[in-house]
Amino acid sequence: MAVEKKVSRTLSNTTPAPTAVVEFAVFFADGPSQSYQLEQWVAPFEALQKRGYGVCLLVMNALTARKLNRQTNLPILLTRSMEQIETALASWNTLGIFYVNNSQANFTMLRFNGPAHIHLSHGESEKSSMVSNQLKAYDFAFIAGLAARRRIMANVARIDPAKLIEIGRPQLDVQFARPAALRTNPRIRVLYAPTWEGDGQNMAYSSIVSIGAKLVTALLSDERFTVVFRPHPKTGSSSVEARHELGRIRKAITTAIHRTPDAGHFVDRAVDSSLSIYDADIVLCDISAMAMDSVGLNKPLMLLYTFPTTMTDDLAIRQSVSTQDASRMLAEENGNPLLSIIATLSKSEPPQQQQALRDVIFGDPALGSATERFIDATLTVTSAADRP
């Protein structure tokens, strides 16, 4: 309670007054461990604000609000009172409310009539959570492109296709803000970015328990590679075994850093995952948004999977490796064929199969356009452009 009061005092000068015009609000009810879901949307909403539109983050957790306040100048309303939120939205004449997940609290917020309720999600992937029946609760769902449309229409019964608005992936636009990292290290920079273990068998996409430590140890032992390890923020939250493997990998990297400091190994804690992809020579990841974003940024990709999906079938044969096959290759005594494949993939442009996926997943292949598509879609579905 003391933290909430302190944070509220800090935010008091930035929270919009009742007489302000706030066309757009972003609702987020979860704690700081989940805040990565909203953090990735900060830049697109800042771009919307720069167009002269009012934007406010509606946050119900004080620690989350404090964390977000350190990352953005967007106004934040911190309150656990749904009544206070509804009063604020009515006074601001808000036109659109955005949601980045399917938190249970969203469905209390959805009772508010008037504004358009718009689902954004927090990444494009083939996970089962991306085809939840909950999508039908919103007025609109902003999706990446044709692949998402096909996936949703095939799995969500009776959903109205007109509710699905394709905008690309605005998070990938930020790569234009800087060139790729300048490196003197000749090693191949491998970004290993496994997803979390999930909270059920239908969400068990992670490679971290089955091969994570073995893969990282093999890469660290090979002088061809620099290892950048970026685990999902929720790794270990549902599984003791995953938490144990996460600790083993971090310990192995720390040991390798002390042993060969010039190798450049590190654990990546940056907020923006797209820049981590951009700086890598090759990305190793599971079925997740990291895989889709690697395709969007045209980065060589090796997809590790526990069970096949459309994407594993669409990529080149060498790019899709089951965790079972990866484990077998890592155990071979005469050389390591998995590391050889990784090295080969890293030294050339992504295969044609991967490049063909970009248009299907994200639509317009020109990076840098998705933020504009997001803004245009927002103004269209809320009729904000027509407001005097």
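Everything quoted here is computed from the prediction, not taken from an experiment.

Draft legend 1. How the structure looks around the environment of E86. Along the chain, E86 turns up in helix α5 (residues 82-92). Looking at E86, the relative accessible area reads 19%, which means it is buried. A sequence separation of 27 residues divides E86 from N113, and the C-alpha atoms of the two residues are 9.7 Å apart. Discounting chain neighbours no more than four positions away, the residues touching E86 are M109, R111 and F112.

Draft legend 2. Up close: the packing of aromatic side chains. Tallied over the entire structure, the rule returns 13 aromatic pairs. Pairing F45 with F98 gives two aromatic rings, centres 5.0 Å apart and planes at 75°, and the pair type is edge-to-face. Of this pair, F45 sits in helix α3 (residues 42-50) while F98 sits in strand β4 (residues 96-99), placing them 53 residues apart in sequence. Since its relative accessible area comes to 0%, F98 is described here as buried. Feature note: the residues F24, W41, F45, Y53, F98, F142 and F374 constitute an aromatic cluster, connected by ring pairs. Above the face of the W196 ring, K234 is positioned so that its terminal group lies 3.9 Å from the ring centre.

Draft legend 3. Fine view of the packing of helix α8 (residues 208-220) against helix α14 (residues 337-346). Two elements in contact, α8 and α14, have axes whose closest approach is 11 Å; the angle formed by their N-to-C orientations is 65°. With respect to each other, α8 and α14 are oriented roughly perpendicular. When the axes of α8 and α14 are compared, the crossing they make is right-handed. For the pair formed by α8 and α14, the contact residues are L215, A218 and L219 on the first element and L338, L339 and I342 on the second. Residues belonging to the contact of α8 with α14 are distributed by class as follows: six nonpolar, no polar and no charged.

Draft legend 4. Looking closely at the pairing of strand β1 (residues 24-28). For β1, the buried fraction is high: five of the five residues fall into the buried class. Covered by surrounding structure in β1 are F24, V26 and F28 together with A25 and F27, the residues of both alternating faces. Pairing between β1 and strand β2 (residues 55-59): five bridges, direction parallel. Its bridge partner lying in β2, A25 is registered against C56.

Draft legend 5. The arrangement of the nonpolar core in detail. F24, F45, L48, F98, L120, F142 and F374 are the most contacted members of the largest nonpolar core, which has 34 residues in total. For this core, the elements supplying multiple residues, two or more each, are α1 (2-11), β1, α3, β2, α4 (62-69), β3 (76-78), β5 (116-119) and α16 (370-382). The dominant element in this core, judged by the number of residues it contributes, is α16, at five residues. With residues near it in sequence (within four places) discarded, F98 still touches F24, A25, V26, F27, F45, I118, L120, F142, F374 and T378. I188, Y192, F225 and L338 belong to the second-largest nonpolar core, a separate cluster that totals 33 residues.

Draft legend 6. Highlighting the sheet that holds strand β11 (residues 282-285). Strand order in the open sheet made by the six strands is β10-β9-β8-β11-β12-β13, with parallel pairing throughout. On the outer flanks of this sheet lie β10 (266-267) and β13 (320-322), each paired with one strand and no other. Pairing between strand β8 (residues 188-193) and strand β9 (residues 225-229): five bridges, direction parallel. Residue L191 lies in a different strand from β9, and its bridge partner there is V228. Against the sheet, helix α9 (residues 240-259) makes contact with β9 and β10, and its axis sits at roughly 140° relative to β9, the strand it touches most. Of the strands in this sheet, β12 (301-305) and β13 touch helix α13 (residues 323-331), which is tilted by about 80° from β13.

Draft legend 7. Region of interest: the packing of helix α11 (residues 289-296) against helix α15 (residues 352-362). Their axes nearest at 8 Å, the elements α11 and α15 cross at an angle of 110°. Taken together, the axes of α11 and α15 are roughly perpendicular relative to one another. Where α11 approaches α15, its residues M292, D293, S294, V295 and G296 are matched on the opposing element by Q354, L357, R358, I361 and F362.

Draft legend 8. α5, seen in detail. When α5 is considered as a whole, its buried residues turn out to be M82, I85, E86, A88, L89 and W92. Down the axis of α5, the sector holding all buried residues measures 160°, keeping them to one side. Exposed side chains of α5 directed beyond 90 degrees from the buried face belong to E83, T87 and A90. Buried residues along α5 sit in contact with β1, β2, β3, β4 and α6 (106-109). The first or second residue beyond α5 is N93, which carries a positive phi of 60°.

Definitions and cut-offs
- Residues numbered from 1 in each chain as written.
- Predicted model: local features only at pLDDT ≥ 70, side-chain atom pairs only at ≥ 80, totals over all residues.
- Heavy atoms only, no water.
- Helix = DSSP H or I, 4+ residues; strand = E, 2+ residues; numbered from the N terminus.
- Buried < 20%, exposed > 50% of the residue type's maximum accessible area, 1.4 Å probe, protein only.
- Contact = heavy atoms within 4.5 Å.
- Phe/Tyr/Trp six-rings, centres within 6.5 Å; stacked < 30°, edge-to-face > 60°.
- Lys NZ or Arg CZ within 6 Å of the ring centre and 35° of its normal.
- Axes fitted to C-alpha atoms, helices over the stretch in contact; angles between N-to-C directions.
- Parallel < 35°, antiparallel > 145°, perpendicular 65-115°, else oblique.
- Left-handed = near helix turned anticlockwise from the far one by under 90°.
- Nonpolar A, V, L, I, M, F, W, Y, C, P; charged D, E, K, R; others polar.
- Pairing = 2+ DSSP bridges.
- Core = buried A, V, L, I, M, F, W, Y, C linked by side-chain atoms within 4.5 Å.
- Arc of directions from axis to C-beta.

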